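Observations on the three-dimensional arrangement
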Amino acid sequence: MDFLVSSFAEALRLIGSFSPDVVDAVRTSLSVAVGATVFAALFGVPVGLAVGLSDSRWKGFAVTVLNTLMAVPTVVVGLFVYGFLSRQGPLGALGLLFTPTAIVIGGTLLASPIVANYTLASVRGADPRILPTALTLGSGRFRAVATLVGEIRFGMFAAVIAGFGRVVAEVGVAMMLGGNIRGYTRTMTTAIALETSKGEFSFGMALGIVLMTVALIVNLFLSLLQRR
Amino acid sequence: MTELYRLRSVTKRYGSNVAVDIDALTIDSGRLYTLTGANGAGKSTLLGILAFLTPPTSGEIFYAGERIDWKSDMVRMRRRKVTLLHQSPYLFGGTVFRNVVYGLKARGIAGDAALRSVDRALETVGLDRFRDRDARELSGGEAQRVAMARALALGPEVLLLDEPLANIDRETAVLLETVISLLPSRGTTVIMTTHDPDPPAGRNVGSIVLEGGKVAAPRVSLPA
């Protein structure tokens, strides 16, 4: 028990003293997560809207595909992107493997299905009178959809935040595509995995506390939006 | 009085269910029509078709002499001449003003002209002091009046009303009834569904009765 208490105290000291290793890992984590979330939003929101508003007979299939993609393990995404970015891969010449960009690419693939599914759920849960009302008041299709988006904007924000939560907390993609390079691609999650295996439990715990705090803030914000 | 709508062999199917099956129906401009029928008779579906929101499964619709091509931009242009007011209208988030000005903005009308139209429409429904109120905090009767103002601000050629007087307080019902009855004399054709056993009658009032999706007995009371 003393071990846990002293590790916790040391972890708080590391956070309070702004240890450069902790700060670097936090900064890398947040920057790649924000980058991946932005791209996931740019891709996932339109896809979720298109599927949600579609009358196509393929809609059910598209929903199943999106649900399946959401359940893909992070290491599988990492493996897939690794295949493309490795030296022998089709994009190997770009030299992106073991860079923050590679983590952003993997994170985008991870978060996009989540953003798309949450957006889809928002469209499905929207009041069915919104589009007919906008149309009968003279809107074209595009303006009517923009009105719908405005009416369900909190659901959309929730979709994007859920995507961020997924990326910031994952370890598989960051480890496989980032390579856990100190001060460059080392994220909070990969640092926790490494430092704990090296016996630096306090350091891992410090990052764990920061990660939990970020997750808590994200989820508090998410529940706040879902209540609106 | 001129012919505004002409429907020829119009059907609307949802799977195997035939919601509307009309051989022929003519609706003249500048008149008030009551649309009656039992629940499931096809009233709301017909209103959706007349509002150019629901394309029919088959048949032809002529509006002001022009055959409607449902796949062209013409539908959107015609839709701007017709406004449908639902029984339980949806009000967008934000203020009453944002709701009433919505259709004007969609038509590119802004500034003082829009402001005047909004104020006039709100005044007509007795809500001139409600412009900055949150639309989501209104009572059912107030919301119905805002929806009516939102439609009136557009000065539509046709106003389609789905049970406009149902589930609202007596005061609002009387006010809306008065507003609706004055519209045909200002050139707006009104088609309203109703379950009222004593619907508006008299000069310039037509009646369309639907039974199982078919027009049962088109009756028109001619000027005395």
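Residues numbered from 1 in each chain as written. Chains lettered and ligands numbered in written order. Predicted model: local features only at pLDDT ≥ 70, side-chain atom pairs only at ≥ 80, totals over all residues.

Further remarks concern the overall build of chain B. Tallying secondary structure elements over chain B gives 6 helices and 11 strands in all. C-alpha extents for chain B along the principal axes are approximately 45 × 40 × 35 Å. Looking at chain B as a whole, 39% of its 224 residues are labelled buried. A fraction of 71% describes how many contacts in chain B between residues 6 or more apart in sequence connect residues 24 or more apart. (Helix = DSSP H or I, 4+ residues; strand = E, 2+ residues; numbered from the N terminus. Buried ≥ 20, exposed ≤ 12 C-beta atoms within 10 Å, placed from the backbone. Contact = placed C-beta atoms within 7 Å.)

On to the overall build of chain A. Within chain A, the secondary structure is distributed over 11 helices and 0 strands. Ordering the α and β elements of chain A from the N terminus gives α-α-α-α-α-α-α-α-α-α-α. Considered along the principal axes of its C-alpha atoms, chain A spans approximately 65 × 45 × 25 Å. The buried share among the 228 residues of chain A stands at 43%. Within chain A, counting contacts between residues at least 6 apart in sequence, those at least 24 apart form 77% of the total.

Residues and elements named next belong to chain B. Note that Gly-40 resides in the loop between strand E3 (32-36) and helix H1 (43-50). Overall, Gly-40 belongs to the partly exposed group, with 13 C-beta atoms counted inside 10 Å. Distance from Gly-40 to Val-100, taken between C-alpha atoms, is 31 Å for residues 60 residues apart in sequence.

This part is about helix H4 (residues 74-85) of chain A. All names here are of chain A. The terminal C-alpha atoms of H4 lie 16 Å apart, and with 12 residues this matches the ideal 16 Å at 1.5 Å per residue to within 8%. Three or more residues of H4 are buried, namely Thr-74, Val-77, Gly-78, Val-81 and Leu-85. Seen end-on, H4 carries its buried residues on one side only, within an arc spanning 100 degrees. For H4, the secondary structure elements touched by its buried residues are helix H5 (100-125) and helix H9 (172-178). (Expected span 1.5 Å × (residues − 1). Arc of directions from axis to C-beta.)

Looking now at the interface of chain A and chain B. Contact with chain A, which involves 14 residues of that partner, is made by 17 residues of chain B. Listing elements by their share of the side of chain A that touches chain B, those giving two or more residues are helix H6 (130-136) and helix H7 (141-151) of chain A. With 5 residues, H6 of chain A is the single largest residue contributor to the side of chain A that touches chain B. Broken down by class, the residue content of the side of chain A that touches chain B amounts to 4 nonpolar, 6 polar and 4 charged. (Nonpolar A, V, L, I, M, F, W, Y, C, P; charged D, E, K, R; others polar.)

Before going further, it helps to spend a moment on the nonpolar core. Counting 107 residues, the largest nonpolar core has Val-115 and Leu-177 of chain A together with Leu-50, Val-100, Val-146, Ala-149 and Leu-160 of chain B as the members making the most contacts within it. Counting residues per element, this core draws most heavily on H5 of chain A, at 13 residues. Both of domain 1 (1-81 + 156-224) and domain 2 (88-155) of chain B provide at least three residues apiece to this core. Sequence-distant contacts of Val-146 of chain B, defined by excluding residues within four places in its chain, comprise Leu-91, Val-96, Asn-99, Val-100, Leu-127, Ala-135 and Leu-138 of chain B. Membership of the second largest hydrophobic core comes to 13 residues, among which are Val-22, Phe-203, Leu-207 and Leu-211 of chain A. (Core = buried A, V, L, I, M, F, W, Y, C linked by C-beta atoms within 7 Å. Domains from an automatic or database assignment.)

Our next topic: the packing of helix H2 (residues 20-53) of chain A against helix H8 (residues 153-169) of chain A. Helix-helix packing: each pair is described by the crossing angle between the helix axes and the interaxial distance. All names here are of chain A. Contact geometry of H2 with H8 gives a least axis separation of 8 Å together with a crossing angle of 140 degrees. When the axis of H2 is compared with that of H8, the two are oblique. By crossing handedness, the relation of H2 to H8 is classed as right-handed. Residue-level inspection shows Ser-29, Ala-33, Ala-36, Thr-37, Ala-40, Ala-41, Gly-44, Val-45 and Gly-48 of H2 in contact with H8, the latter providing Met-156, Ala-159, Val-160, Gly-163, Phe-164, Val-167 and Val-168. Looking at the contact of H2 with H8, its residues break down into 11 nonpolar, 5 polar and no charged. (Axes fitted to C-alpha atoms, helices over the stretch in contact; angles between N-to-C directions. Parallel < 35°, antiparallel > 145°, perpendicular 65-115°, else oblique. Left-handed = near helix turned anticlockwise from the far one by under 90°.)

All right, on to helix H4 (residues 111-124) of chain B then. For the α-helix, the turn length of 3.6 residues means that residues three or four positions removed from each other point alike. Residues and elements named next belong to chain B. Look at H4: 20 Å from first C-alpha to last across 14 residues, which is about the 20 Å you get at 1.5 Å a residue. Looking only at H4, the buried set comprises Ser-117, Val-118, Ala-121 and Leu-122. Projection of H4 onto a plane perpendicular to its axis shows the buried side chains occupying an angular sector of 125 degrees, all on one side. Within H4, the exposed residues directed more than 90 degrees away from the buried face are Asp-112, Ala-113, Arg-116 and Glu-123. Check the buried side of H4 and you find it contacts helix H3 (96-106) and helix H5 (140-152). One or two residues past the end of H4 sits Gly-126, with phi positive at roughly 75 degrees.

All names here are of chain B. With antiparallel pairing, 4 strands are arranged side by side in an open sheet as E2-E1-E4-E5. Looking at which strands have only one partner, the edges of the open sheet turn out to be strand E2 (17-28) and strand E5 (66-67). Sheet topology places strand E1 (residues 3-14) next to E2; 10 bridges connect them, and they run antiparallel. Within E2, the residue paired with Arg-13 across the bridge is Val-18. (Pairing = 2+ DSSP bridges.)

What follows covers the pairing of E3 of chain B. Residues and elements named next belong to chain B. In terms of burial, E3 is a largely internal element, 5 of the 5 residues being buried. Burial along E3 is two-sided: the residues Leu-32, Thr-34 and Thr-36 and Tyr-33 and Leu-35 are all buried. Both E3 and strand E8 (residues 189-193) contribute to a ladder of 4 bridges, which runs parallel. Each bridged residue has a counterpart across the sheet, and for Thr-34 the counterpart in E8 is Met-192. For E3 and strand E9 (residues 205-211), the ladder comprises 5 bridges, and the chain directions are parallel. Residue pairing in the sheet places Leu-35 in a bridge with Ile-208 of E9.

Summary statistics for chain B give a mean pLDDT of 91 and a share of 93% for residues scoring 70 or more. Interface confidence for the predicted complex, expressed as ipTM, amounts to 0.90; the pTM equals 0.85. (pLDDT = per-residue confidence, 0-100.)

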